[in-house]
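Listed below are the residues making up each chain.
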Amino acid sequence: MKRDFRKSTVYQIYPKSFCDTNGDGLGDLRGVINKLDYIKELGVDYIWLTPFFVSPQNDNGYDVEDYYNIDPRYGTMADVEELIAEADKRGIRLMFDMVFNHVSTNHEWFQKAMAGDPYYKDFFFFRKGKTDGSAPTNWESKFGGSAWEYVEKFDEYYLHLFDVTQADLNWDNENVRKEVQKILRFWMDKGVKGFRFDVINLISKEAFEDDTAGDGRRFYTDGPNIHKYLKELNEATFGTDAEIVTVGEMSSTSIENCYQYAGRDTHELSMVFSFHHLKVDFMGNEKWVLVPVDFGKLKHIMFEWQTKMAEHNAWNAVFWCNHDQPRPVSRFGDEGKYWKESAKMLGTIVHCLRGTPYVYQGEEIGMTNTDFTDISQFRDVESLNYYQILQDKGLSASDALRIVQIHSRDNGRTPMQWDASEYAGFTAADGTEPWIGVNSNHIRVNAAEQLSDPDSIFHYYRKLIALRKELDVIAYGGITPLAEKDPCVFAYEREYDGHKLIVACNFYGKDYEWKGAPDVSGYKRVIGNYSAETTPENGVWKMRPYEAAVWYR
Ligand code: TEU
Ligand code: CA
């Protein structure tokens, strides 16, 4: 059966933190197999699995050493095959995470390059330094420090936009592109029906110049040959199979480029992740600061992407979080009194938008940010680097820690909270301690509890996912923003084939009178996060804290 990705929902799994079946403290592929019925109950169509290929795990698998084999910590090829087959039995397809901007420096290609083999040296960006011996450009690594690493025996530097153990691949070399195609075909032959491409808009680099106005990103983001390379990849691999769905992770991209990346007829990708709406608590591009969420900006960015992508027949992936982001209920909602209401409200906003929604493991049960109080509890290379960088800039250790607590990617990486037992059921209680600490709130926030409570966040997400399948207006409709200037309300209207949907949310934890609310007489409320229904009267809707309602006609 051909899937319609506009009606589909994707569930993202970070296997290391999902479920550990052999008690070594690390989640594994058998853990994913064991939880397929849980995922099936949520009603999703795809599972996006973050990388589990052979890797030194300096960036938790985004540093791939061998794309054809499974890291033994996660399992075996037989486990992967079983997972694909077992998911298929449940009508769920697998989407694999392909990291092709860079490889681990342990990868054979890089090892051969370092041995001096010119064929493989040209797989990477080795460049001479400036005349004074300093790095070829002033570009900064996304994880802090210079993006160039000096190699004494060549008296050259190699480029690494991420960790020093993640060397950037030279896509201008046709042999690199051929190798990438080979890898994709290998996994397509195994029955993989989806791909997520890591930072794929960074693969085309031409101008190696100092950036006097930024960290270098403008020289390698959405680069000159990017569309050419994506069209070529599409034609040579997944484009031959109409059932395959693809999503590109687009770092600091522009909307104009995304019309191309994810256009209906552009033959590049099915859809894109963009991140501008998740920088509304940054200072410009600077993440390592404490700035409150700018709600006006959030709405503006989300509506802009919604309406303009629609105008250009292009498709968004819609989401609040992933393994690189803090937990949405902590970031945009309320971990305390209105935990449940705010988690449901956030789900409502994303799941009724035009695009394909992504649910990140634990989001469906309202998992929160970590409760870590000491830097030794953090694991992420980026967090550890910036904890140091912030102090080098003069911040006190406690101020640096506070910033890391708020923004760390580890907020999204603590173990999935399955039940109230020790280690939250992630690892058997007699197993080794999990690789990263379990949030102590698992006693209250866990899947077991929510499965048996019909009013839980889990069941609300399940209904949202089902609603997209039921109502064509959600999957196919156009979108019109409402209340654009309102300081508290996030609302929009969808329309398709004579049907209308009105989505209205109070983004804050206080009662609010929305003046200018639409007339919903003749509509039916199809979902909402308060059991007692109220509606706008004479253009005013009295909204309760974090109230969300969706009306359909
Ligand atoms: O992330 C790309 C990326 O640039 C960000 O999400 C990054 O984590 C953030 O900007 C830092 O502040 C992808 C993967 O999702 C991430 O886990 C990997 O670490 C990264 O690529 C490198 O492969
Ligand atoms: Ca394990």
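Computed from a predicted structure; not experimentally measured. (Residues numbered from 1 in each chain as written. Chains lettered and ligands numbered in written order. Predicted model: local features only at pLDDT ≥ 70, side-chain atom pairs only at ≥ 80, totals over all residues. Heavy atoms only, no water.)

Novice: Any chance you could explain the overall build of the protein here in plain terms?
Specialist: Across its full length, the protein carries 16 helices and 22 strands. By the compact-globule yardstick of 24 Å for 553 residues, the protein fits well, its C-alpha radius of gyration being 23 Å. C-alpha atoms of the protein, sized along the principal axes, occupy 75 × 55 × 55 Å. Classification of the 553 residues of the protein by burial places 63% in the buried group. With an accessible surface of roughly 20500 Å², the protein has 48% of that area assigned to carbon and sulfur atoms. Taking the average place of the 63 positive charges on the side chains of the protein and the average place of its 86 negative ones, the gap between the two points comes to 5 Å. (Helix = DSSP H or I, 4+ residues; strand = E, 2+ residues; numbered from the N terminus. Rg over C-alpha atoms; globule rule 2.2 N^0.38 Å. Buried < 20%, exposed > 50% of the residue type's maximum accessible area, 1.4 Å probe, protein only. Areas by Shrake-Rupley, 256 points an atom, 1.4 Å probe, with all protein chains shown as cover. Lys, Arg positive; Asp, Glu negative; His and termini not counted. Charge placed at Lys NZ, Arg CZ, Asp CG, Glu CD.)

Novice: Please clarify how the packing of helix H6 (residues 174–189) against helix H7 (residues 226–236) should be interpreted in this entry.
Specialist: Between two packed helices, the angle of one axis relative to the other and the distance separating the axes together describe the packing. As a packed pair, H6 and H7 sit with axes 10 Å apart at the nearest point and diverge in direction by 40°. Overall, the two elements H6 and H7 adopt an arrangement that is oblique. As for how H6 packs across H7, the hand of that crossing is right-handed. For the pair H6 and H7, the contacting residues are Arg 177, Val 180, Gln 181, Leu 184 and Arg 185 in the first and Tyr 229, Glu 232, Leu 233 and Ala 236 in the second. Considered class by class, the residues forming the contact of H6 with H7 number five nonpolar, one polar and three charged. (Axes fitted to C-alpha atoms, helices over the stretch in contact; angles between N-to-C directions. Parallel < 35°, antiparallel > 145°, perpendicular 65-115°, else oblique. Left-handed = near helix turned anticlockwise from the far one by under 90°. Contact = heavy atoms within 4.5 Å. Nonpolar A, V, L, I, M, F, W, Y, C, P; charged D, E, K, R; others polar.)

Novice: What is the right way to read the sheet that holds strand S7 (residues 126–127) from this model?
Specialist: Each strand in a sheet pairs with its neighbour through backbone hydrogen bonds, running either in the same direction (parallel) or in the opposite one (antiparallel). Across the sheet, three strands lie side by side as S7-S9-S8; this open sheet has antiparallel pairing. Each edge of the sheet is formed by a strand with only one pairing partner; in this case those strands are S7 and strand S8 (148–151). The pairing of S8 with strand S9 (residues 156–159) spans four bridges and is antiparallel. Bridge pairing in S9 links Val 151 to Glu 156. (Pairing = 2+ DSSP bridges.)

Novice: It is not clear to me how the pairing of strand S2 (residues 46–49) should be interpreted in this structure. Could you clarify?
Specialist: The two faces of a sheet get side chains in turn, since along a regular strand they alternate between them. Taking every second residue as pointing to the same face, both faces of S2 are buried, with Tyr 46 and Trp 48 on one and Ile 47 and Leu 49 on the other. Taken together, the four bridges between S2 and strand S5 (residues 93–98) define a ladder with parallel strand orientation. By the bridge assignment, Ile 47 is partnered in S5 with Leu 94.

Novice: Hey, could you run me through the coordination of the calcium ion (ligand 2) in this one?
Specialist: Angles at a metal have ideal values that depend on geometry: 109.5 degrees with four tetrahedral donors, 90 or 180 degrees with six octahedral donors. Distances from the calcium ion (ligand 2) to its protein donors, namely Asp 20 (OD), Asn 22 (OD1), Asp 24 (OD), Leu 26 (O) and Asp 28 (OD), fall within the range 2.3 Å. For Leu 26, a relative accessible area of 16% translates into the label buried. The exposure class of Asp 28 is buried, given its relative accessible area of 4%. (Donors = N, O, S within 2.8 Å, 3.2 Å for Na, K, Ca; no water.)

Novice: Any chance you could explain the site of ligand 1 here in plain terms?
Specialist: As a structural note, the neighbourhood of ligand 1 is formed by 16 residues, with Asp 59, Asp 198, Asp 324, Glu 382 and Arg 409 the closest of them. Asp 198 has a polar side-chain atom sitting 2.8 Å from an oxygen atom of ligand 1. Against a free-state accessible area of 500 Å², the protein chains account for coverage of 89% of ligand 1. Residue composition of the shell around ligand 1, by class: four nonpolar, three polar and nine charged. (Near = heavy atom within 4 Å. Polar contact = N/O pair within 3.5 Å; in protein donor to acceptor, adjacent residues only side chain to side chain.)

Novice: Sorry, what's going on with the pattern of salt bridges here?
Specialist: Side-chain pairs of opposite charge can arise where the charged atoms are in close proximity. This model, assessed by the stated rule, comprises 41 salt bridges. With a closest N to O distance of 3.3 Å, Asp 4 and Arg 6 form a salt bridge. A salt bridge links Lys 128 to Glu 156; the nearest nitrogen and oxygen atoms lie 4.0 Å apart. Of this pair, Lys 128 sits in the loop between S7 and S8 while Glu 156 sits in strand S9, and the two are 28 residues apart along the sequence. One salt-bridge network, in which partners are shared between bridges, spans Asp 59, Lys 287, Asp 324, Asp 380, Glu 382, Arg 409 and Arg 413. (Salt bridge = Lys/Arg side-chain N within 4 Å of Asp/Glu carboxyl O.)

Novice: Could you clarify how one ought to interpret the environment of Val 404 in this entry?
Specialist: Looking at the element boundaries, Val 404 is found in helix H13 (residues 397–407). Measuring from C-alpha to C-alpha, the distance between Val 404 and Gly 223 comes to 31 Å, with 181 residues separating the pair along the chain. Those residues in contact with Val 404 that sit more than four places away from it in its chain are Trp 288, Ile 375, Phe 378, Ser 383, Tyr 387 and Asn 411.

Novice: Is there a simple way to explain the sheet that holds strand S22 (residues 548–552) in this structure?
Specialist: With antiparallel pairing, five strands are arranged side by side in an open sheet as S16-S17-S18-S22-S20. Unpaired on one side and paired on the other, strand S16 (478–482) and strand S20 (524–528) mark the two borders of the sheet. Averaged over all neighbouring strand pairs, the angle between strand axes comes to 20°, with direction disregarded. Pairing geometry for S20 and S22, over four bridges, is antiparallel. From the neighbouring strand, Arg 525 faces S22, where its bridge partner is Trp 551. Across the sheet, helix H9 (residues 295–311) lies against S16 and strand S17 (489–496), angled at about 10° from S17, the strand it touches most.

Novice: How should the nonpolar core be read in this particular structure?
Specialist: It is characteristic of soluble globular proteins that their nonpolar side chains tend to be buried jointly. The biggest cluster of nonpolar side chains holds 136 residues, and the ones touching the most others in it are Phe 96 and Met 98. Not counting chain neighbours up to four residues away, the residues in contact with Met 98 comprise Phe 53, Tyr 67, Ile 183, Leu 184, Trp 187, Phe 195, Arg 196, Phe 197 and Asp 198. Tyr 360, Ile 375, Tyr 387 and Leu 401 belong to the second largest nonpolar core, which has 17 residues in total. (Core = buried A, V, L, I, M, F, W, Y, C linked by side-chain atoms within 4.5 Å.)

Novice: Would you mind showing me how to read the packing of aromatic side chains here?
Specialist: Geometrically, a pair of aromatic rings is defined through the distance of the ring centres and the angle of the planes. Summed over all chains, the structure comprises 55 aromatic pairs. For the ring pair Trp 139 and Trp 148, a centre distance of 6.4 Å and an interplane angle of 40° mean the geometry is tilted. Each member of the pair, Trp 139 together with Trp 148, is buried. Over the aromatic face of Trp 435 sits the side chain of Lys 16, whose NZ or CZ is 5.0 Å from the ring centroid. Note that Lys 121 overlies the ring of Phe 126, its terminal NZ or CZ placed 5.1 Å from the centroid. (Phe/Tyr/Trp six-rings, centres within 6.5 Å; stacked < 30°, edge-to-face > 60°. Lys NZ or Arg CZ within 6 Å of the ring centre and 35° of its normal.)

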